[in-house]
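The residues making up each chain are set out below.
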Amino acid sequence: MWRLLRPDAAHVWEDDEVRRRLSWYYDVMTNRRPSKYLICKRVEVELRGDEELEELWKIHREASKEFMELWGKVKEGTSLEGTAKPKISLLDLKVEIVKRLLHRCVFCERRCGVDRASGERGFCRLDGASRVSTWFHHYGEEAPLVPSGTIFFTSCNFRCQFCQNWDISTDPLNGVEVDARKLAAIASTLRREGCRNVNYVGGEPTPHLHVILESLRYMEVNVPILWNSNMYCSQEAMELLKDVVDIWLPDFKYFNDACAERLSKAPRYLEVVKRNHLIAHESGDVIVRHLVLPNHLECCTKPLLEWLASNLPRALVNVMAQYRPEHVVAREPARFPDIARRPTRQEMEEAYATARRLGIVFEPVS
């Protein structure tokens, strides 16, 4: 059915450049290689049970190095068949660390430090419970991802004035509460039903990191793990994620802090998001999304594309024309006159021309 709805989702793999840049994702998607989270389950760690958080991080760094060695062997063709699962794995260690972090939450770069495990709420307005608004086979994502097993989490750590998912991102209590076992069942079912990946999105998945990581304990299905995020994750969150995410779908919105602060209430945006895109590029396949905002070509789109071309040479880039005034901008356009309209055809042609000049591959996934 999906081949009829999105024939480009089949034809895209005839593009040699897409196959090259998304080679790991393709191999996991087609079951030629095991997903990274399954490899994590084969990396042994030793714990006494009384370690402080700092010591757990030290053990994690060493185990992550072992993971990288094993992942390299798997990419070259080594099978995990016959490899015994350890009593305590790198994935178990990640779950323990993320549960500790929940008591003084630093999942994102707001670093609120609240005890969400005890019911306190930070900027994301979430306590320790996770809620999912909906999950389904998504046919509107980039061609290599379709059909995507998309799980929409509630709430967000941004306040985008033009949010197109504002009904999900602004209401942390919509949807249904899920624990790790329930989330694992949802993800596993989506894969068994034919989805190419499990796509964690929202809202924003970062505040739900503890439930997402723990859910992988209860999954055995081979499926690419996709992180669909605004990339305002903390460095700690990125360290936990980089060994389990097979393909990153990061959103790069702005190329200066003034725009990020005014339109998304996101301080230090450029420093944080640059860092996290570099980590993603080093640790998996990447499709970067950039939504072109009207009147923001010179301050955001053009310098952003220049940076991507210089720093993320293996990434695919989707230059998106879907912006429309939504949420606060739709209600109060006079407050945001620069983005109170759709981008013009000329603005989009300039954005595409910049991407072509820089050699950015964007057309197969636009």
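Residues numbered from 1 in each chain as written. Predicted model: local features only at pLDDT ≥ 70, side-chain atom pairs only at ≥ 80, totals over all residues. Heavy atoms only, no water.

A side chain of one charge can pair with a side chain of the opposite charge if their charged atoms are brought near each other. Within this structure, the stated rule accounts for 30 salt bridges. Put simply, Arg21 and Glu17 hold a salt bridge, and the shortest N to O gap is 2.9 Å. Of the two residues, Arg21 and Glu17 both sit in helix H3 (residues 16-21), four residues apart, roughly one turn of that helix. Of the charged contacts, one joins Glu220 and Lys85 as a salt bridge, the two residues approaching to 2.9 Å between their closest N and O atoms. With a gap of 135 residues between them, Glu220 in the loop between helix H10 (209-215) and strand E5 (225-229) and Lys85 in the loop between helix H6 (53-75) and helix H7 (90-102) connect regions that are remote in the sequence. A residue is classified by how much of its surface remains accessible, and Glu220, at 46% relative accessible area, is partly exposed. Classification of Lys85 by relative accessible area gives partly exposed; the value is 43%. Salt bridges linked by common partners bring Lys94, Glu239, Lys242 and Asp243 together as one network. (Salt bridge = Lys/Arg side-chain N within 4 Å of Asp/Glu carboxyl O. Helix = DSSP H or I, 4+ residues; strand = E, 2+ residues; numbered from the N terminus. Buried < 20%, exposed > 50% of the residue type's maximum accessible area, 1.4 Å probe, protein only.)

Relative to each other, H6 and H7 sit at 145°, their axes nearing to 10 Å. Helix-helix and strand crossings are classified by hand; for H6 and H7 the assignment is left-handed. In contact with Leu53, Leu56, Trp57, Ile59, His60, Ala63, Ser64 and Phe67 of H6, H7 contributes Leu90, Leu93, Lys94, Glu96, Ile97, Arg100 and Leu101. Counted by class, the contact of H6 with H7 contains 10 nonpolar, two polar and three charged residues. (Axes fitted to C-alpha atoms, helices over the stretch in contact; angles between N-to-C directions. Left-handed = near helix turned anticlockwise from the far one by under 90°. Contact = heavy atoms within 4.5 Å. Nonpolar A, V, L, I, M, F, W, Y, C, P; charged D, E, K, R; others polar.)

All right, on to the nonpolar core then. Note on soluble globular proteins: their nonpolar side chains tend to be buried together. One finds Ile151, Phe162, Tyr200, Trp227 and Phe252 to be the most contacted residues of the largest nonpolar core, which totals 102 residues. It is H7 that contributes the most residues to this core, eight residues altogether. Residues Val18, Ala143, Ile247 and Val361 belong to the second largest nonpolar core, which totals 15 residues. (Core = buried A, V, L, I, M, F, W, Y, C linked by side-chain atoms within 4.5 Å.)

With that out of the way, let us pick up unusual backbone geometry. Following Val146, the chain continues into Pro147 via a peptide bond in cis, with omega recorded as -5°. Within the secondary structure layout, Pro147 lies in the loop between strand E1 (130-138) and strand E2 (148-153). The linkage connecting Gly202 with the following residue, Gly203, adopts the cis geometry, with an omega of 25°. Considering the arrangement of structural elements, one finds Gly203 in the loop between strand E4 (198-201) and H10.

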